[in-house]
Amino acid sequence: MKILVIGSGGREHALVWKIAQSPKVEKIYAAPGNAGIAELAECVAIKATDVESLASFAERNHIDLTVVGPESPLIAGVVDVFEGRGLTIFGPSKEPARLEGSKVYAKEVMRRYHIPTADFCAFSDPQAAAEYAHKRFSEGAKGLVVKADGEAAGKGVFVVHQLVEALEVIRSLMEERVLGDAGARIVMEEVLTGEEASLMAITDGMTALPLPPVQDYKRALDHDMGANTGGMGSICPLRIVTPEMQQQALEQIIHPAIRATRDAGIPFRGVLYAGIMVTEEGLKTLEFNVRFGDPETQAVLPLLENDLVEVMHAAVECRLEEVTLHWKPRYAVCVVIASGGYPGKYETGFPIEGLDRAAEIPECVVFHAGTRKEGGKVVTAGGRVLGVTALGDTLAQARGRAYEAVRCIRFDYMHYREDIGLKWI
Ligand code: AMP
Ligand code: GLY
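Residues numbered from 1 in each chain as written. Chains lettered and ligands numbered in written order. Predicted model: local features only at pLDDT ≥ 70, side-chain atom pairs only at ≥ 80, totals over all residues. Heavy atoms only, no water.

**Here we look at the sheet that holds strand E6 (residues 120-123)**
Two orientations exist for strands paired in a sheet by backbone hydrogen bonds: parallel and antiparallel.
Then comes step 1: Reading across the sheet, the four strands line up as E6-E9-E7-E8 and stay open at both edges, with antiparallel pairing between neighbours. Looking at which strands have only one partner, the edges of the open sheet turn out to be E6 and strand E8 (157-160). Averaged over all pairs of adjacent strands, the angle between strand axes in this sheet comes to 20 degrees, irrespective of strand direction.
Then comes step 2: Bridge count between E6 and strand E9 (residues 186-189): four bridges; the pairing is antiparallel. (Pairing = 2+ DSSP bridges. Helix = DSSP H or I, 4+ residues; strand = E, 2+ residues; numbered from the N terminus. Axes fitted to C-alpha atoms, helices over the stretch in contact; angles between N-to-C directions.)

**Looking at helix H8 (residues 163-175)**
Then comes step 1: Compared with an ideal rise of 1.5 Å per residue, which puts 13 residues at 18 Å, H8 spans 17 Å between its outermost C-alpha atoms and is within 8% of the ideal.
Then comes step 2: Buried residues of H8: Ala166, Val169, Ile170, Ser172, Leu173 and Met174, and no others.
Then comes step 3: Against E6, helix H7 (126-138), strand E7 (144-148), E8 and E9 lie the buried residues of H8.
Then comes step 4: Positive backbone phi, approximately 55 degrees, marks Arg177, located one or two places after H8. (Expected span 1.5 Å × (residues − 1). Buried < 20%, exposed > 50% of the residue type's maximum accessible area, 1.4 Å probe, protein only. Contact = heavy atoms within 4.5 Å.)

**Observations regarding the sheet that holds strand E3 (residues 42-43)**
Then comes step 1: Pairing is parallel across the open sheet formed by five strands, whose spatial order is E3-E2-E1-E4-E5. Either end of the sheet is taken by a strand with one partner, and the two such strands are E3 and strand E5 (89-90).
Then comes step 2: Relative to E5, strand E4 (residues 65-68) is paired through two bridges, and the arrangement is parallel. Residue pairing for E5: Thr66 is matched across the bridge by Ile89.
Then comes step 3: Running at roughly 170 degrees to strand E1 (residues 2-7), helix H1 (residues 10-19) makes contact with E1, strand E2 (27-32) and E4 of the sheet.
Then comes step 4: Set on the sheet, helix H2 (residues 51-60) makes contact with E1, E2 and E4; between it and E1 the angle comes to about 165 degrees.

So, in structure tokens, the structure goes:
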């Protein structure tokens, strides 16, 4: 089989790495890929959002299966375009991808299908939004979460603790449009407290096969300080989510959301990801994503025993009922190494040393994210540069190996968190 993977981050490197282990696969292409992906796949210079060019490439090269990493092409309708041309692709169509593309839509689905989530209101008028914030704070609310409706690459959510802050966020999103049209509508909801977990399931629109729970470390600095990022590390499995809780999440969150997409006419196929808060009152849904998480995937896929290509094929052909996922009884820890300054401004182009030494640590894989080749050397090319994953019999062993590998690697101004997985040891 010939496979095309769309995207260029650590998640896509993990996908390519796993796909390359399938005996069914003769050739992998990645668009646009990165320096690590280039070791396993032929990288083609097509942007992940250039949907028409991707489909033409897949047609010309007789691609048997296309796998979409990031959300943008899914929200833009890459699956509809591919299927319209008779091409096989793993991921949800544009309509069900609205679960990630619109926070208002996702919250309305949650309300309609009784999916546990924070109380909320949606606004398209800044004045009404400001009045609501006034009302909530005058009623004694300790905080409020303000979310831009549209796609904002993780930059659209603000947890505020004072009315002035809330008003400032409303103004910048809705009036100044700092995030463009993403801020044309907003959701405001109550602040939840607890542990966050990422629960992903592979689904064909009927059957949903859960992946083990993962924890993503979202903040830039140790002890969850600093700005929100795309994710600075991940651990899997996350034991605070018990098998009973996972079952409950399937029944109360994942399946109702899939049912909602069936009821709306186009069943969700692909990976449905529920961002969950484990609160004292039980599990609450923070958000839906319509794809594999990044860096969750870098911790999950190394634990999967199955041939991922077979699983994705079964999903596309609506025969997931026949599939059982098998997991290594191990722990995985992924530590992200970022460019100094990320998620704010940072420089790129710094040579990366020590990649070979890191790869020699037992049960360790270095996934590339923002990297490229320059004159035979691997250099930094993005905010999140590498994701170093290691496995172990215990979380402590996996963590020890991941950090041992991280310490082999050097580039100017590199930054990583020291506390990935630490609080669970
Ligand atoms: P979202 O994209 O909606 O998952 O939001 C991004 C991040 O904001 C989440 O991972 C949480 O850390 C935080 N967040 C979102 N909604 C809430 C909420 N209702 N209460 C507390 N934190 C939240
Ligand atoms: N790590 C969070 C996400 O993939 O959205």
